[in-house]
Every structure is written in structure tokens, then in C-alpha cells.
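# An overview of the molecular structure
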Amino acid sequence: MKRKTLTQFLIEQQRGAAALPAEVRLLVEIVARACKAIGHAVGKGALGGVLGSLETENIQGEVQKKLDVLSNEILLEANEWGGQLAAMASEEMETVHLIPTHYPKGEYLLLFDPLDGSSNIDVNVSIGTIFSVLRAPAEARGREITEQDFLQPGSQQVVAGYALYGPQTMLILTVGTGVFGFTLDREVGSWVLTQENIRIPADTKEFAINMSNMRHWAPPVRRYIEECLAGKTGPRGKDFNMRWIASMVADVHRILNRGGIFMYPWDAREPTKPGKLRLMYEANPMSMLVEQAGGASTNGLQRILDIEPAALHERVSVILGSKNEVDLVTSYHKDA
Ligand code: AHG
Ligand code: MN
Ligand code: MN
Ligand code: MN
């Protein structure tokens, strides 16, 4: 069987009904190349001196791991010169990164969580890179890009995807025509299409949530999980299984492959913070992927992709995955 590479796939998307712009195709190729480099560094681990923490904190108030910073640098360097971008933004940078004046500027904005699952780096558990592409507003062309230009709802994303550095290195991508999975052929160095049109089953018996926070959740989330835990004799009439990898990329990857519901809800310890996860770098790209695969994604009250962001590093409560379960948890919020 002839194997299709990422390049071939993207060219088909350019020529097909999606009419993917050539600049977006190039941009995705460059992001994928950067992910290959990050995956390579991840794979070296202690041998490459990439494990462990730095003494710095990021804008989120988290201690930065060496790989958080290295991955951010790899993505910036790879994407600066290509000519497709107007600016970039990242979980690890306080504000937007403008394209240096000596490089040509394009009309797209790239956002990323350079290394997702930081707490898993030093224990050799799957981690990843999440990315999202927006178009700069038309009126921003020709002037300097500001944070404001990034504050578009997730429904405006042109591309969303992630790379997963696990037993295999994979790239999961949507350009708005379904979700496609590529596996890195490590010998040849190319991304090979291995999953076409990924679909999330509407029903599931598996949930992913950090159960240690249960006592801090809002009543609708607690109700949903308590009902799952009640098993066959409870209101759901079936037994549920639990999985929590603590790398959103890996948890979402499992859900894309066999269904499930993922939640990182609001927490009473920090009542003014909507949630832990970041809207622009985590929730929006993952929500686009999940919706493109037939799943659903809300913050309990509204579709995440409809949220009008107010700040670049805005946080959000996340409930995503198998549609019927997400709808159920969302209905519990609406009843409350
Ligand atoms: P990051 O490493 O990019 O800061 O994100 C970590 C996130 C996400 O990947 C994961 O679902 C969650 O944090 C895990 O949180 P807990 O440690 O509370 O389980
Ligand atoms: Mn982080
Ligand atoms: Mn993350
Ligand atoms: Mn991160």
C-alpha cells in the first residue's frame, strides 16, 4: 500500500474542496518540522540534558521546565522566517512575539502550548505540543500586531493540532475537514498518514478528571462524577472506568481514539479563576479537534469555541469528548 505523507495530504487539501491556502500549508509543515525537533529532544531525555527545571517562572506562575523553554525556542525559531506569520503567542511568553523586521510578514497568527504535560517530563510519560492558527484581522495588516488581534473566538481557527511524544510520535491535525493522524517514521523522518477522519463515539463509559480535587468542584460536576461512580445500580445504569494521564494531549488523544469525557473544571480554591487550562493554547485547539471528530466541548455553560476571549492567557473550565456525556454534564450546569 502506498503511504501518504503529511506533505501529500496538505497538497490534496490545497487542491481539494477545502482550498487550503498555500501559506497555511507551509505553516503547518514548519510547525510539524519543529515538533519533530522537539520530539527528538524529548526522546534523548537525560542523555540530551533536557530534563529538570529552570529557576524561572512563566506568566502562568508555573516553574518552567527546561523542555518548556527549549520547545518554545524551537517553535519560535522554526516559524519566524517562513513569511506566513504576523506574530506568535505562547503559554511560556508574557506577550505576543512579533516577527523580526528582517523577515517577511504574513497574515496568520500562531499560538502554542510548546510543551503540554510538564509534570510528566521527568517521569518519561507522554507529553506533547498543542497549536492553533488564526488569521490576523484585516485591519491589522500593515501595522504592528497587538494582543488584541489574537483575541478571537476559537471558531475562527484555521488550523488546530497537536504533536504527541509517546511510544510513537504522532501529529493530529484538522484544517476544518475532519481530523487526521500522522505517525512519525523515525527512520525516514517523515510524517505518514495513519488515521483518516477520526470520529469520537457519542457514548462512553470512561471519564478523565483529577479526582483529588473532587471536594472543590461545583455541584454539577460532582453530581455527574458521583453518578458515574454509582455504577450499574446508580442512575446511569452502567459501570464507568477512570483514566487520568495529566497530560491533556495524551488524555485527549485517548478520547479521539476510543471515546471518553475529559474535564478540568472550575475549582472553589480559586473562585475567581474560571479553570486551570488556557483558552487560547489548550482549550480552543483541542475543542476544534474534538468537534471536528464529532464530539462536543463546553465550559459547562457555553460552547468553548464561541467564547470571546478577553485576555491572551485567559483560563477556562473544560468539559470535552463524547457528545452525549458532554451534553449531560452541560445540562447539569444549566439546571443549577
Ligand atoms: P502544561 O504542562 O502545559 O502547563 O499543562 C498541564 C495541564 C494539562 O496538560 C493537564 O491536563 C493538567 O495540566 C494536569 O493537571 P493536574 O496536575 O492538576 O492533574
Ligand atoms: Mn505550563
Ligand atoms: Mn498544557
Ligand atoms: Mn505547557
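What you see is a predicted model; the values in this text were computed from it and never measured. (Residues numbered from 1 in each chain as written. Chains lettered and ligands numbered in written order. Predicted model: local features only at pLDDT ≥ 70, side-chain atom pairs only at ≥ 80, totals over all residues.)

### Concerning the overall build of the chain
Stated formally: Segments assigned H or I by DSSP are reported as helices when at least four residues long, segments assigned E as strands when at least two residues long, and all are numbered from the N terminus. We compute the radius of gyration over the C-alpha atoms and compare it with the globule rule, which gives 2.2 Å times the number of residues raised to the power 0.38. The burial label depends on the number of other C-beta atoms within 10 Å of a residue's C-beta. Counts of 20 or more mean buried, 12 or fewer mean exposed, and intermediate counts mean partly exposed, with C-beta atoms placed from the backbone. Note that contacts rest on C-beta atoms placed from the backbone: two residues are in contact if these are within 7 Å.
Each helix and strand in the chain was counted, giving eight helices and 17 strands. Its C-alpha radius of gyration of 19 Å places the chain within 12% of the 20 Å reference for a compact globule of 336 residues. Projected onto its principal axes, the C-alpha coordinates of the chain cover approximately 65 × 50 × 45 Å. Out of the 336 residues in the chain, the part that is buried amounts to 46%. When contacts within the chain are restricted to residue pairs at least 6 apart in sequence, those whose partners lie at least 24 apart make up 64%.

### Concerning the environment of D122
Position of D122 among the secondary structure elements: in the loop between β5 (108-116) and β6 (127-135). For the pair formed by D122 and A46, sequence separation is 76 residues and the distance between their alpha carbons is 8.9 Å. When near neighbours in sequence (up to four residues on either side) are disregarded, D122 contacts L51 and G52.

### Quick notes on the sheet that holds strand β15 (residues 296-298)
Note the following rule: For two strands to be treated as a pair, DSSP must find at least two bridges joining them.
The strand order across the open sheet formed by five strands is β12-β11-β13-β17-β15, and the pairing between neighbours is mixed. Both outer strands of the open sheet, β12 (241-242) and β15, are each paired with one neighbouring strand and no more. In this sheet, strand β17 (residues 318-321) lies alongside β15 in antiparallel orientation, the contact comprising three bridges. Opposite A296, over in β17, you have G321 as the bridge partner.

### Quick look at the site of ligand 1
We count it as follows: Any residue qualifies as near a molecule or strand once its backbone-derived C-beta atom lies within 6 Å of it. Note on residue categories: nonpolar means Ala, Val, Leu, Ile, Met, Phe, Trp, Tyr, Cys or Pro, charged means Asp, Glu, Lys or Arg, and polar means any other residue, Gly included.
What surrounds ligand 1 is the set E62, E91, D113, D116, G117, S118, S119, N210, A246, S247, M248 and Y264. Partitioning the shell around ligand 1 into residue classes produces three nonpolar, five polar and four charged.

### Quick notes on the confidence of the model for the chain
Selection criterion: Residue-level confidence of the predictor is summarised by pLDDT, bounded by 0 at the bottom and 100 at the top.
Taken as a whole, the chain shows an average pLDDT of 97; of its residues, 100% reach a score of 70 or greater. Within the chain, the element-level pLDDT minimum falls on strand β1 (residues 53-57), averaging 94, and the maximum on helix α7 (residues 279-292), averaging 99. Among the scores for the predicted complex, ipTM is 0.98 and pTM is 0.98.

### Description of helix α5 (residues 219-229)
Which entries qualify depends on this criterion: The arc under discussion is defined with respect to the helix axis, by the directions toward the C-beta atoms.
Among all positions in α5, only P220, V221, Y224 and C228 are buried. Buried residues of α5 fall within an arc of 100 degrees about the axis and therefore sit on the same side. Immediately beyond the C-terminal end of α5, within one or two residues, lies G231, with a positive phi of roughly 65 degrees.

### Considerations on the UniProt feature "binding site: Mg(2+) 1" (unreviewed entry) in the chain
Applied cut-off: UniProt positions are given in the numbering used here, feature names are shortened, and annotations may be inferred rather than shown by experiment.
Per the UniProt record, "binding site: Mg(2+) 1" (unreviewed entry) is found at E91, D113 and L115. Across 25 residues in sequence, these annotated residues keep their C-alpha atoms within 9.0 Å of one another, forming a single compact spot. For D113, the location among the structural elements is in strand β5. A residue is classified by how many C-beta atoms lie within 10 Å of it, and D113, with 28 of them, is buried. Residues within four places of D113 in sequence aside, it is in contact with E91, T129, I130, R278, Y281 and E282. Inspection of the secondary structure puts L115 in strand β5. Apart from the residues lying within four places of it in its own chain, the contact partners of L115 are L67, D68, S71, I127 and T129.

### Some words on the sheet that holds β6
The strand order across the open sheet formed by eight strands is β4-β3-β5-β6-β7-β8-β9-β10, and the pairing between neighbours is mixed. Where the open sheet ends on each side, the last strands, each with one partner, are β4 (97-98) and β10 (190-195). As judged from the four bridges shared by strand β8 (residues 169-174) and strand β9 (residues 180-185), these two strands associate in the antiparallel manner. Bridge pairing in β9 places M170 opposite T183.

### Here's the deal with the UniProt feature "domain: Fructose-1-6-bisphosphatase class 1 C-terminal" (unreviewed entry) in the chain
Here, UniProt's "domain: Fructose-1-6-bisphosphatase class 1 C-terminal" (unreviewed entry) annotation points to residues 200-333. As annotated, residues 200-333 has a helix share of 35% and a strand share of 15%, and its two end C-alpha atoms lie 23 Å apart.

### Re the nonpolar core
Our working rule: When buried Ala, Val, Leu, Ile, Met, Phe, Trp, Tyr and Cys residues are joined through C-beta atoms within 7 Å, the set is termed a nonpolar core.
By size, the foremost hydrophobic cluster in this structure holds 94 residues, and its most contacted members are L109, L110 and L171. When residues in this core are grouped by element, the largest group, nine residues, is from helix α2 (residues 22-44). Other than its neighbours up to four places away in sequence, L109 contacts L85, A86, A87, V133, L134, A136, D149 and F150.

### Structural notes on the packing of α5 against helix α8 (residues 323-335)
Threshold: Helix axes use the C-alpha atoms of the stretch in contact, all axes being lines fitted to C-alpha atoms, and the angles between their N-to-C directions lie in the range 0 to 180 degrees. Just so you know how the angles are binned, under 35 degrees is roughly parallel, over 145 roughly antiparallel, 65 to 115 roughly perpendicular, and the rest oblique. In this scheme the handedness of a crossing depends on how the near helix is turned from the far one: anticlockwise by less than a right angle means left-handed, clockwise means right-handed.
Contact pair α5 / α8: the axes reach a minimum separation of 8 Å and the direction vectors enclose 140 degrees. The angle between the axes of α5 and α8 places the two elements in the oblique class. In terms of crossing hand, the pair formed by α5 and α8 is right-handed. Residue-level inspection shows P220, V221, R223 and Y224 of α5 in contact with α8, the latter providing L328, V329, Y332 and H333. Classifying every residue of the contact of α5 with α8 gives six nonpolar, one polar and one charged.

### Remarks on unusual backbone geometry
Positive phi is not limited to glycine here, since N197 has a value of about 50 degrees. Mapping N197 onto the fold places it in the loop between β10 and β11 (206-208). Unlike most non-glycine residues, A246 shows phi in positive territory, near 75 degrees. Relative to the helices and strands, A246 resides in the loop between β12 and α6 (248-258). The class for A246 is partly exposed, based on 16 C-beta atoms found within 10 Å.

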